[in-house]
Amino acid sequence: MSLAAAPLVRDWLGVEGDRAVIRTGKVDFGQRITTALLRIACEELTLPPDRIRVAPVRTGAAPDEGITSGSNSVEQSGHALRCATATAREAAAALAAQELGLDPARLTLADGVFAAPGGANRIDLLPLIARLNPALAVNASAPASPRRAHDAPLAPRGLRAMVEGRYAFLQDLDMPGMWHARVVRPPHALARLKSLDPEAVTAVEETGQRVIRDGSFLAVAGPAEWPVLRASLRLARGCDWDLGEGLPEGSPFDRLDTDPAISLPVAPGGKPEKGSLPPPLDSFTHRLRVERPNTLHGSLGPSAALTVWEEDVLRITTHSQGIYPLRDSIADSLGLDPDTVEITHHPAAGCYGHNGADDAAFEAALVARALPGTPILLKWAREDEHAWEPAAPAMAIDLAARVKGGQITGWSGEARGDTHRGRPRPGPDRAGPQRLLANRFRIDPMAPYSGQPNMNRHGGLHRNLDPIYDFASRRLVKHLVPDGPIRSSALRCLGAVANVWAIESLVDQIAGETLQDPIAFRLAHLDDPRAITVLEGLRDSLGPAPEGRGIAYAQYKNAQTRCAIAVDLTVTDHAELRLDRIAIVADAGRIVDEDGLRAQLEGGALQGASWALYEEVRWDRDGMLTRDWDSYPVIRFDNIPEIAITLIDRPEDPSVGAGEASPPPTVAAIANAVHAATGLRLTRMPFTPDALQKAALEA
Amino acid sequence: MGAGPALVSLTLNINGTDRVVDSDPDTPLIFVLRDELGLKGAKLGCGLEQCGCCAVLADGEVALSCATPAAVFEGKEIVTIEGIGARAMGAAVQDAFVAASAAQCGYCTAGLVVAVTGLLETNPAPTRDETAEALTPHLCRCGSHPRVFRAVEIAAAATDR
Ligand code: FES
Ligand code: FES
């Protein structure tokens with residue numbers, strides 16, 4: 001996909017003096033894709049990292065790789081870059097051989113220098129690459145360089161600067177004459193600004209700040225951040241909002257069964273189809289329903305954007321994960337030619353999916369339009385991020401299984417939920433602008449985007465709905481229930497969290513009831529040798545089982561990293577879950593950046609644990625109730641388990657994404673550990689003390 | 001400029017130097033650091049004293065700078081992440097964070113380096129539980145916690161005399 005949009009070597013690789021410049025359309029938000037790409041280029045070009053520069057990710061210059069998501073970056077950008085650099089190396093070798101009058105096969109390449117046998121004749125690689133035909137196309141089967149054995153690990157980009165406080169996040173940028181901006185938010189998404197007290201506006205503007213209003217979109221800008229923040233509070237007191245009927249109340253799960261849904265069969269293999277639904281599973285012996293509430297990305301740094309409206313170009317610096325789709329959506333919203341909107345990515349706090357970044361970029365553009373020539377750094381407040389970022393949709397999974405002779409012989413899985421596709425990107429009915437928050441409030445408000453089913457293999461709700469096990473028959477259905485009470489979009493792992501949790505809970509339950517060891521039971525339903533190695537590796541790495549041990553296995557999208565997890569936990573007298581230990585065994589194919597891979601698996605497991613134990617978005621008719629870290633708690637240092645990771649390197653197999661591999665099986669293993677410790681099968685996240693006590697009373 | 005709040009003159013001792021700023025007396029310290037003094041190492045994560053991104057040392061104690069007015073810090077010795085490396089312990093903690101790769105996105109990192117320095121200066125060999133307790137005011141959303149625990153061990157070992 002990446003190569004189709006950017007087929008030439010020079011789309012990916014250039015030369016600048018004695019350094020190579022590599023280009024990517026994927027952005028780094030702490031998952032270390034830049035480090036992985038750098039490592040690939042180092043391997044292919046035999047250059048040290050300080051002789052390779054990663055170009056800024058900017059529209060017009062970077063290859064258009066859509067959105068950085070789905071753990072696809074190593075497979076897409078990494079693959080494209082590996083092929084591009086390998087193509088360049090081979091073509092440069094041919095040039096070098098020509099100059100030396102030798103057969104290219106006799107040249108060796110080390111430290112960026114070709115050498116003839118004996119080492120007498122030497123030619124630098126980079127000047128040769130600079131001379132390559134600009135029309136040279138990437139050879140998608142160019143041979144990867146044999147890797148070098150003693151590569152020192154690459155430090156993550158910017159680590160030294162981070163520990164010294166010198167690393168500039170987007171929120172830290174500054175420009176001459178720059179102003180700060182904040183948005184004044186309505187009480188909830190259905191409220192409209194009836195009137196704004198002119199005295200409030202005067203009070204703010206008298207201090208040299210500016211009030212920007214477009215319908216119910218209200219913002220304030222000024223030269224310094226704290227006064228702007230205070231002005232936003234002053235303005236908020238001057239707003240009279242029409243609250244309408246308020247937000248729809250009631251259980252977010254009940255509506256998934258009763259509201260109109262788009263229901264589609266999903267073929268084994270994970271691809272939705274148009275057509276009639278398969279008949280229900282007959283004579284099932286087990287069933288289970290699990291419910292996952294809306295959860296937040298909860299980036300530690302609230303979203304921000306730096307924008308300047310220059311005479312003929314709107315320049316936006318953003319931490320969005322999709323600079324091209326965002327550019328097109330903003331251009332469409334403002335009636336601009338996309339070529340006059342230039343978007344550059346700059347790192348901010350880790351984002352884990354579609355958070356407030358895109359919305360902040362558009363809001364900054366609205367403010368900048370009112371103040372042409374003045375750079376605007378617009379920041380969301382903590383409350384904005386919690387209450388207004390697009391959340392992961394609430395989901396309900398209904399499973400049924402038929403067990404015969406201790407084996408699962410029939411399976412039914414149905415996933416329900418709202419859309420994961422809230423990212424602004426062009427589509428029918430101006431779907432790009434529809435998915436930018438501020439467009440709901442401007443003078444000609446747009447209706448919010450109504451989700452359309454994702455038809456991709458393992459796309460959204462149905463990601464990992466198809467069990468990885470070889471159950472003889474399986475029927476799978478997805479029910480997209482659009483137009484939910486709160487805006488939803490993509491959050492790390494999409495539907496895989498709820499689906500894997502559900503599958504691994506029911507598998508665990510059946511293993512228990514048929515008195516089979518949970519690992520042996522899973523092994524009996526797997527024929528993929530790599531899956532078997534991973535699970536056997538987990539079994540062999542574990543010490544004697546404590547009371548609360550849970551096991552889970554999943555392969556992300558049934559195609560990427562294979563990941564087996566054991567969680568050991570204790571239930572306190574106050575029904576709190578104490579995480580003692582998490583063991584992870586993973587196979588991500590050929591390992592590119594080992595430390596980065598470990599960090600992703602470890603960080604993913606902790607984020608999964610946080611969802612499982614603590615996280616739930618709540619609201620009532622007056623607005624969101626979860627507006628900060630007290631009302632929406634997440635995991636903290638007081639409940640961090642010991643984590644042991646075993647990696648299985650497969651140098652001959654392609655590298656696959658790993659950033660989303662560990663959270664789903666971690667959630668499932670925690671649920672199974674709770675069952676092992678208490679006999680309670682929790683079917684609604686989060687697993688709070690209240691939830692445990694309630695389950696105990698109902699048991 | 002019209003009727004903004006009256007400014008007062010404050011003297012703040014930051015990283016060993018007295019700095020005089022004119023500030024609205026309600027301004028939380030972090031805005032003085034970031035916007036008036038250009039010290040952007042402390043991050044604004046919540047402004048509610050819930051996440052630890054904005055931590056500094058005040059007279060050697062870990063303090064959150066996002067909600068308490070700068071005026072309250074007058075007369076105290078403030079050390080920010082920019083000055084922490086000038087302390088032996090701070091430099092050791094920074095090295096340990098690098099050795100342990102104890103950051104993903106890094107947004108929490110500056111606050112954590114300050115907090116770990118404050119911890120080890122008062123308790124040079126903390127138990128894991130003591131470290132956990134000291135760092136519980138700090139959030140990391142990327143899950144770098146295990147590496148932060150390792151960094152604390154590395155720094156404690158390196159400064160153990
Ligand atoms: S920014 Fe100060 S604690 Fe969050
Ligand atoms: S490393 Fe991202 S919040 Fe800690």
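Note that the coordinates shown come from a computational prediction; the quantities given were computed from them, not determined experimentally.

(A) Region of the structure containing the overall build of chain B. Along its length, chain B carries six helices and five strands. Expected size for 161 residues packed as a compact globule is a radius of gyration near 15 Å; at 16 Å, chain B falls within 12% of this value. In chain B, which comprises 161 residues, the proportion classed as buried is 58%. Within chain B, contacts between residues separated by at least 24 positions form 54% of all contacts whose residues are at least 6 apart in sequence. In the form shown here, chain B has an accessible surface area of approximately 6,000 Å², with 50% of it arising from carbon and sulfur atoms. Across chain B, 11 positive and 19 negative side-chain charges occur, with their mean positions spaced 10 Å apart.

(B) The domain arrangement of chain B, seen in detail. All names here are of chain B. Annotation of chain B at the domain level lists domain 1 (8–80) and domain 2 (84–158). Computed from C-alpha atoms alone, the centre-to-centre distance between domain 1 and domain 2 is 21 Å. Taken together, the 15 residues of domain 1 in the interface contact twelve residues of domain 2. Carbon and sulfur atoms supply 64% of the area that domain 1 and domain 2 bury against each other, a total of about 1,100 Å² over both sides. When the area that domain 1 buries against domain 2 is broken down by residue, the three leading residues are C51, C53 and L57, summing to 31%. One can count zero salt bridges joining domain 1 with domain 2. With three residues, the single largest contributor to the side of domain 1 that touches domain 2 is strand β3 (residues 55–58). Class assignment of the residues belonging to the side of domain 1 that touches domain 2 gives a composition of eight nonpolar, six polar and one charged.

(C) View of the packing of aromatic side chains. In the structure shown here, the tally under the stated rule is eight aromatic pairs over all chains. An angle of 40° between the planes, with centres 5.2 Å apart, marks the rings of W226 of chain A and F31 of chain B as tilted. Pair noted here: W226 of chain A is in helix α8 (residues 225–237) and F31 of chain B is in helix α1 (residues 29–36), and the two residues belong to different chains. Linked through ring pairs, Y167 and F169 of chain A together with Y107 of chain B together constitute an aromatic cluster. Residue placement shows R185 of chain A over the ring face of W380 of chain A; its charged tip is 4.6 Å from the ring centre.

(D) Structural detail: the interface of chain A and chain B. Listed as interface residues are 62 residues of chain A and, on the opposing side, 55 residues of chain B. Where chain A abuts chain B, roughly 4,700 Å² becomes buried across the two surfaces, and 57% of that area is made up of carbon and sulfur atoms. If you sort the residues of chain A by the area they bury against chain B, W226, L300 and F637 of chain A come out on top, with a joint share of 19%. Counting across the interface, chain A meets chain B through ten salt bridges. E602 of chain A is paired through a salt bridge with R150 of chain B; the nearest N and O atoms lie 3.9 Å apart. Scanning the region where chain A abuts chain B turns up 29 residue pairs in polar contact (both at pLDDT 80 or more).

(E) Representation of the packing of helix α3 (residues 88–99) of chain B against helix α6 (residues 145–158) of chain B. Residues and elements named next belong to chain B. At a closest axis distance of 8 Å, the pairing of α3 and α6 adopts a crossing angle of 135°. Relative to α6, the element α3 is oriented oblique. In the packing of α3 onto α6, the handedness of the crossing is right-handed. Listed contacts from α6 to A92, V93, A96, F97 and A99 of α3 are V148, A151, I154 and A155. In terms of residue class, the contact of α3 with α6 is made up of nine nonpolar, no polar and no charged.

(F) Looking closely at the nonpolar core. W411, I670 and F687 of chain A together with F97 of chain B are the most contacted members of the largest nonpolar core, which totals 190 residues. Element by element, the count of residues in this core is highest for helix α14 (residues 496–513) of chain A, at eleven residues. Setting aside residues no more than four positions away along its own chain, I670 of chain A makes contact with V567, L569, L577, L579, A609, A612, L613 and F687 of chain A.

(G) Seen up close, the domain arrangement of chain A. All names here are of chain A. Domains assigned within chain A are domain 1 (2–142), domain 2 (171–244 + 298–387) and domain 3 (395–419 + 454–698). Spacing between the C-alpha centres of domain 2 and domain 3 amounts to 37 Å. Here domain 2 meets domain 3 over a buried area of about 1,200 Å², counting both sides, of which 49% is carbon and sulfur. Of all residues in domain 2, Y352, H354 and H386 bury the most surface against domain 3, accounting for 45% of the area lost on that side. Run the count over domain 2 and domain 3 and you get two salt bridges. For the interface between domain 2 and domain 3, the tally reads six residue pairs in polar contact (both at pLDDT 80 or more). Among the elements that line the side of domain 2 that touches domain 3, the one with the most residues is helix α12 (residues 382–388), at four residues.

(H) Layout of the pairing of strand β4 (residues 61–64) of chain B. All names here are of chain B. Note: β3 against β4, four bridges, orientation antiparallel. Counterpart to V56 in the pairing with β4 is A63. Here β3 hands over to β4 after two residues, with D59 in that stretch at a positive phi of 50°.

(I) View of helix α10 (residues 323–334) of chain A. For α10 of chain A, which comprises twelve residues, the first-to-last C-alpha distance of 16 Å matches the rise-based estimate of 16 Å (1.5 Å per residue) to within 8%. Listed in full, the buried residues belonging to α10 of chain A are I323, Y324, P325, L326, R327, S329, I330, A331, S333 and L334 of chain A.

(J) Up close: the sheet that holds β3 of chain B. Residue and element names in this part refer to chain B. Ordered in space as β2-β1-β5-β3-β4, the five strands form an open sheet in which the pairing is mixed. The sheet is open, and its two edges are formed by β2 (17–23) and β4, each paired on a single side. Ignoring which end each strand starts from, the neighbouring axes of this sheet average 45° apart. Note that strand β1 (residues 8–14) and strand β5 (residues 77–79) share two bridges and pair parallel. In the sheet register, N13 faces β5, and the bridge partner there is E77. Contacting β1, β2, β3 and β5, α1 crosses the sheet at an angle of about 100° to β2. Against the sheet, helix α4 (residues 109–122) touches β3 and β4, its axis set at about 35° to β3.

(K) Local environment of unusual backbone geometry. Residues and elements named next belong to chain A. Residue P686 follows M685 across a cis peptide bond; omega there is -5°. Here P686 is to be found in the loop between α18 (663–678) and α19 (689–698). A positive phi is found at S283, a non-glycine position, where the angle reads about 45°. Turning to its location among the elements, S283 is positioned in the loop between β13 (271–272) and β14 (286–292).

(L) Spotlight on the sheet that holds strand β3 (residues 52–54) of chain A. All names here are of chain A. Spatial ordering of the open sheet is given by β1-β2-β3, a layout of three strands whose pairing is mixed. The open sheet terminates on both sides in strands that have one partner only, identified here as β1 (13–16) and β3. Strand after strand, the sheet turns through a mean of 30° between neighbouring axes, direction not considered. The sheet contact formed by β1 and strand β2 (residues 19–22) spans four bridges and is antiparallel. Counterpart to L13 in the pairing with β2 is I22. Across the sheet, helix α3 (residues 33–45) is in contact with β1, β2 and β3; its angle to β3 comes to roughly 150°.

Definitions and limits used
- Residues numbered from 1 in each chain as written.
- Chains lettered and ligands numbered in written order.
- Predicted model: local features only at pLDDT ≥ 70, side-chain atom pairs only at ≥ 80, totals over all residues.
- Heavy atoms only, no water.
- Helix = DSSP H or I, 4+ residues; strand = E, 2+ residues; numbered from the N terminus.
- Rg over C-alpha atoms; globule rule 2.2 N^0.38 Å.
- Buried < 20%, exposed > 50% of the residue type's maximum accessible area, 1.4 Å probe, protein only.
- Contact = heavy atoms within 4.5 Å.
- Areas by Shrake-Rupley, 256 points an atom, 1.4 Å probe, with all protein chains shown as cover.
- Lys, Arg positive; Asp, Glu negative; His and termini not counted.
- Charge placed at Lys NZ, Arg CZ, Asp CG, Glu CD.
- Domains from an automatic or database assignment.
- Buried area = accessible area lost by both parts, 1.4 Å probe.
- Salt bridge = Lys/Arg side-chain N within 4 Å of Asp/Glu carboxyl O.
- Nonpolar A, V, L, I, M, F, W, Y, C, P; charged D, E, K, R; others polar.
- Phe/Tyr/Trp six-rings, centres within 6.5 Å; stacked < 30°, edge-to-face > 60°.
- Lys NZ or Arg CZ within 6 Å of the ring centre and 35° of its normal.
- Polar contact = N/O pair within 3.5 Å; in protein donor to acceptor, adjacent residues only side chain to side chain.
- Axes fitted to C-alpha atoms, helices over the stretch in contact; angles between N-to-C directions.
- Parallel < 35°, antiparallel > 145°, perpendicular 65-115°, else oblique.
- Left-handed = near helix turned anticlockwise from the far one by under 90°.
- Core = buried A, V, L, I, M, F, W, Y, C linked by side-chain atoms within 4.5 Å.
- Pairing = 2+ DSSP bridges.
- Expected span 1.5 Å × (residues − 1).

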